[in-house]
Amino acid sequence: MMDDRTLELSGDALRSLIEAAARRIVAHVGSLAEQPSADTEGGAALARSLVEPIPEAGRPADELLELLFDRVVPKSFNTAGPGYLAYIPGGGLPQSAVADLVADAVNRYVGVFAAAPGLAQIEANVVRWFADLAGLPPGARGILTSGGSLATFSALVAARRDRLPDNFLSGTLYASDQTHHAVQKAALLAGFPPDNVREIPSDASYRIRVDALADTIAADRAARRTPFLVVGNAGTTNTGAVDDLGSLADLCAKERLWFHVDAAYGGFFLLTEQGRLRMAGIERSDSIVLDPHKGLFLPYGTGALLVRDGEALKRAHALSADYMPSMQEDPDLVDFNLLSPELSRDFRGLRVWLPLKMHGIGPFRANLEEKLALARHAADALREIPGIEILAEPQLSILAFRLTRPGLDGPALDRINQSLLERINGRKRVYLTGTLLSGRFAIRLCVLSFRTHRDRIDAGIEDIRAAIAEA
Ligand SMILES: Cc1ncc(COP(=O)(O)O)c(C=O)c1O
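Residues numbered from 1 in each chain as written. Predicted model: local features only at pLDDT ≥ 70, side-chain atom pairs only at ≥ 80, totals over all residues. Heavy atoms only, no water.

Of all hydrophobic cores here, the largest spans 84 residues; its most connected members are F130, L173, L213, I288, L296 and L306. Setting aside residues up to four positions removed in sequence, F130 forms contacts with L144, F268, L290, P292, L296, A304, L306 and V352. Judged by nonpolar contacts, the second largest core, of 27 residues, contains A375, I390, I424 and I464. (Core = buried A, V, L, I, M, F, W, Y, C linked by side-chain atoms within 4.5 Å. Buried < 20%, exposed > 50% of the residue type's maximum accessible area, 1.4 Å probe, protein only. Contact = heavy atoms within 4.5 Å.)

Next comes the structure, spelled out in structure tokens:
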């Protein structure tokens, strides 16, 4: 038998691979602002041209990097660019990419405390910082997940195990009609039939109607259902609406329900004064979902779940096995596999820790304050444009608007706005997306990238004006 050492790169080969990637990355990141805000024409043909069987022979890394950076990456939404005002922008701090490189290269195991105590502690620190930010008590525990959807799944499973018997099919949960579908999906995955998720109407500001919620809970109790959980929104995807979390906390306390807050988009605005005021009451919740890959500008792949009663999170996820190493006993130290559905996984704590330690929290707060101000500025500028109606004023950094035409409404007006959206995006400086608000097609604008500043918002407003003039 021959030793095969092909996969073991020499120090020089590894360095030159990292340097080749670094050259490409630095050029790419440096040109993000000049790249079109989206360019997917011919994307499906490109995708088909990439289909191939598993390669028998290797190719030079330079050739592969060239394929990626010159042909594949450009055919996409420029989600990391300053003009990406669509859906919920991420950002993509390259500091986190470097952290990922380090984490993957050292490839330590953080799911079990004993396997890498210092690294597990670094991740535990990150979770503690988030819990402190949200105002949760010392007994709170949490996990970093791949995103908000999986964090929501674990929240619902923890609540289900804490509040319902093994036969939980009468368990009913409540969320407004503006709630992200991650909640519905998590409820389905957690075993609840679709009808067990009650949709509560929202008010004119897209906030849950607490009176309607109370009525629905009462009706469900009368029908021998078992209400067990209420979702409050701390920044909806549609409009950034923040529910009255204080009133929801009161109602949940009175009705003895688990109070879950979806702060995937809005949560990190807790770093700002405006955000703290809007989200007052979040500190009374039983669980919170936050997405660092949204409000902390990280690359995609980092969500977070915080649970007030850390033991409830543990009871829902902890299992042991003969082949596992022993878990530590000290309550201050964390074995993440006991709190999460995952066992082996990446060391995602480092991608949060490195930028926060490098810069401190100040620049994150300043960036979030800037995004709030930019959304207000965009709303003011849009209001000046004849025919524009603001359908949702910014509560955080999202707003929604449409163009009106005298005598026009319904599908005809929706079509005008859909084509306006295409024209705006066709100018390729900003990328916006649409949604339905009270049945009306609305154009959304969400400012959340650390790369988006006043110049790009003004360019976007110019493009909106120009697109209206063309139409
Ligand atoms: C309010 C809200 N909740 C949950 C999610 C789902 O998060 P993720 O895409 O990270 O799974 C999103 C995503 O945009 C969101 O905006």
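After that view of the structure, there is still more to cover.
What follows is about the packing of aromatic side chains. Scanning the entire structure with this criterion turns up nine aromatic pairs. Chaining the aromatic ring pairs together yields one cluster made of F77, Y84 and Y431. (Phe/Tyr/Trp six-rings, centres within 6.5 Å; stacked < 30°, edge-to-face > 60°.)

On to the sheet that holds strand β4 (residues 226-233). Read from one edge of the open sheet, seven strands run β1-β7-β6-β5-β4-β2-β3, paired in mixed fashion. The open sheet terminates on both sides in strands that have one partner only, identified here as β1 (141-145) and β3 (197-200). Averaged over all pairs of adjacent strands, the angle between their axes in this sheet comes to 20 degrees, without regard to strand direction. Pairing geometry for strand β6 (residues 287-290) and strand β7 (residues 303-307), over four bridges, is antiparallel. From the neighbouring strand, L290 faces β7, where its bridge partner is A304. (Pairing = 2+ DSSP bridges. Helix = DSSP H or I, 4+ residues; strand = E, 2+ residues; numbered from the N terminus. Axes fitted to C-alpha atoms, helices over the stretch in contact; angles between N-to-C directions.)

The subject of this paragraph is the packing of helix α6 (residues 148-163) against helix α7 (residues 181-189). Contact geometry for α6 and α7: axes closest at 8 Å, N-to-C directions at 50 degrees. On the basis of the axis angle, α6 is oblique to α7. Note that α6 runs across α7; the crossing there is right-handed. Contacts between α6 and α7 pair S149, T152, F153 and L156 from the former with A182, V183, A186, A187 and L189 from the latter. Class assignment for the residues of the contact of α6 with α7 results in seven nonpolar, two polar and no charged. (Parallel < 35°, antiparallel > 145°, perpendicular 65-115°, else oblique. Left-handed = near helix turned anticlockwise from the far one by under 90°. Nonpolar A, V, L, I, M, F, W, Y, C, P; charged D, E, K, R; others polar.)

The next point concerns the site of the ligand. Neighbouring the ligand are the residues I88, G147, G148, S149, H180, G235, T237, D262, A264, D291, H293 and K294. Between the ligand and the protein, one listed contact pairs an oxygen atom with a backbone N or O atom of G148 at 2.8 Å. Here D291 contributes a side-chain N or O atom positioned 2.7 Å from an oxygen atom of the ligand. Taken by itself the ligand offers 390 Å² of open surface, and the protein chains cover 84% of this. Secondary-structure elements contributing two or more residues to the shell around the ligand are α6 and α11 (292-295). (Near = heavy atom within 4 Å. Polar contact = N/O pair within 3.5 Å; in protein donor to acceptor, adjacent residues only side chain to side chain. Areas by Shrake-Rupley, 256 points an atom, 1.4 Å probe, with all protein chains shown as cover.)

Opposite charge on two side chains allows them to pair when their charged atoms are near. Following the criterion strictly, the structure yields 32 salt bridges and no others. In this structure, the salt-bridge partner of D291 is K294, at a minimum N-O distance of 2.4 Å. Each member of the pair, D291 as well as K294, carries the same accessibility label: buried. A salt bridge links R315 to D309; its shortest N-O distance comes to 3.8 Å. For R315, a relative accessible area of 48% corresponds to the partly exposed category. A single network of salt bridges, built from pairs that share partners, joins R423, R427, R429, E462, D463 and E470. (Salt bridge = Lys/Arg side-chain N within 4 Å of Asp/Glu carboxyl O.)

This part takes up a nonpolar patch on the surface. A surface patch of nonpolar side chains, amounting to about 400 Å² of accessible area, comprises L9, L14, L17, I18 and L101. Ranked by residue count, the leading element in the nonpolar patch is helix α1 (residues 11-30), at three residues. Along the chain, L14 turns up in helix α1. Judged by its relative accessible area of 42%, L14 falls in the partly exposed class. (Patch = residues over 30% accessible without salt bridge, like charges linked within 9 Å, V, L, I, M, F, W, Y side chains within 5 Å.)

Attention now moves to the pairing of β7. Each regular strand shows side chains that alternate between the opposite faces of the sheet. Counting buried positions along β7 gives five out of five residues, so the element sits mostly inside the fold. Of the two faces of β7, both are covered, the one formed by G303, L305 and V307 as well as the one formed by A304 and L306. Two strands pair when backbone bridges link them, and β1 and β7 are joined in this way by five bridges, in the antiparallel orientation. Each residue of the ladder has a partner; that of I143, found in β7, is L305.

Glancing now at the sheet that holds strand β9 (residues 398-403). Strands sit in the order β8-β9-β11-β10 across an open sheet of four strands; the sheet is antiparallel. Edge strands, defined here as strands with exactly one partner in the open sheet, are β8 (388-392) and β10 (433-437). Between one strand axis and the next, the sheet turns by 45 degrees as a mean value, whatever way the strands run. Of the strand pairs in this sheet, β8 and β9 are connected by four bridges, and their pairing is antiparallel. Counterpart to E389 in the pairing with β9 is R402. Against the sheet, helix α14 (residues 362-383) makes contact with β8, β9 and β11 (440-446), and its axis sits at roughly 15 degrees relative to β9, the strand it touches most.

Moving on, we get to the environment of G42. Assignment of secondary structure puts G42 in the loop between α1 and α2 (43-49). Considered as a pair, G42 and K75 are 33 residues apart in the sequence and their alpha carbons are 7.8 Å apart.

For the α-helix, the turn length of 3.6 residues means that residues three or four positions removed from each other point alike. Helix length check: α6 (16 residues) gives 22 Å between terminal C-alpha atoms against 22 Å at 1.5 Å per residue, within 8%. Of all the positions in α6, only G148, A151, T152, S154, A155, L156, V157, A158, A159 and R160 are classed as buried. (Expected span 1.5 Å × (residues − 1).)

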